[in-house]
Amino acid sequence: MTRKDFLINIGVGAGATFFLSCLGACSNPTGIPAAPSANFTLDLTSPANKPLLTKGGFVYQSGVIVAYTTKGAYVALSQTCTHQGGTVQYDPSSDSFFCPAHGSDFSDTGTVNVGPASVGLKEYTVTKSGSTLHVQG
Ligand code: FES
């Protein structure tokens, strides 16, 4: 191997290493884990899910916040704030989801109402059958 070939190989290797490390970092610049996939049921007769019988109530399950909104709809969003990973809560007074860490606020479809978060929350499909909620997405 000539000196020129050696220097080219080192340059290509360093470039590839830099590119791959940037690719990993750039695909998730906040370091917040991706919103989980969900496929679970909630038994509304269970004491643990009692908050979902009252408008304004909410529970957490498998990385998802499930709320019974003041409008009378069941809504499920990823519970981890996209800003820096705080846990969002449902606020019945504004019918929105907020993060107490820095004040981000999200609509009932997960879009950002107020920053600093700039990326919305994942929305899940909720279907009700009798006294069971099925959350998936
Ligand atoms: S972590 Fe939610 S607003 Fe900062």
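Conventions and cut-offs
- Residues numbered from 1 in each chain as written.
- Predicted model: local features only at pLDDT ≥ 70, side-chain atom pairs only at ≥ 80, totals over all residues.
- Heavy atoms only, no water.
- Helix = DSSP H or I, 4+ residues; strand = E, 2+ residues; numbered from the N terminus.
- Buried < 20%, exposed > 50% of the residue type's maximum accessible area, 1.4 Å probe, protein only.
- Polar contact = N/O pair within 3.5 Å; in protein donor to acceptor, adjacent residues only side chain to side chain.
- Pairing = 2+ DSSP bridges.
- Axes fitted to C-alpha atoms, helices over the stretch in contact; angles between N-to-C directions.
- Salt bridge = Lys/Arg side-chain N within 4 Å of Asp/Glu carboxyl O.

Novice: What's the story with the side chain of T82 in this structure? I'm lost.
Specialist: Along the chain, T82 turns up in the loop between strand 4 (74-78) and strand 5 (89-91). Classification of T82 as buried rests on a relative accessible area of 18%. A distance of 2.4 Å separates a polar atom in the side chain of T82 from the backbone oxygen of V119.

Novice: How should the sheet that holds strand 10 (residues 132-136) be read in this particular structure?
Specialist: Adjacent strands of a sheet form backbone hydrogen bonds with each other and so pair up, either parallel or antiparallel. In spatial order, the strands read 1-10-9-4-3-2; together these six strands make up an open sheet with antiparallel pairing. Whereas interior strands pair on both sides, the edge strands pair on one side only; in this sheet they are strand 1 (39-43) and strand 2 (58-61). The sheet shows a mean angle of 25 degrees between the axes of neighbouring strands, taken without regard to direction. Pairing geometry for strand 1 and strand 10, over five bridges, is antiparallel.

Novice: Hey, could you run me through the pattern of salt bridges in this one?
Specialist: Pairing between side chains of opposite charge can happen when the charged atoms of each approach one another. Under the definition given, this model contains two salt bridges. Linking D95 and K71 is a salt bridge whose minimum nitrogen-to-oxygen distance equals 3.3 Å. Residue D95 is found in the loop between strand 5 and strand 6 (96-98), and its partner K71 is found in the loop between strand 3 (64-68) and strand 4; the two are separated by 24 residues along the sequence. The exposure class assigned to D95 is buried, which follows from its relative accessible area of 12%. Overall, the relative accessible area of 63% leaves K71 in the exposed class. The shortest N-O distance in the salt bridge between D108 and K71 comes to 3.9 Å. Pair noted here: D108 is in the loop between strand 7 (105-106) and strand 8 (112-114) and K71 is in the loop between strand 3 and strand 4, with a separation of 37 residues, a long-range link. Among the ionic contacts, a cluster of salt bridges with common partners joins K71, D95 and D108.

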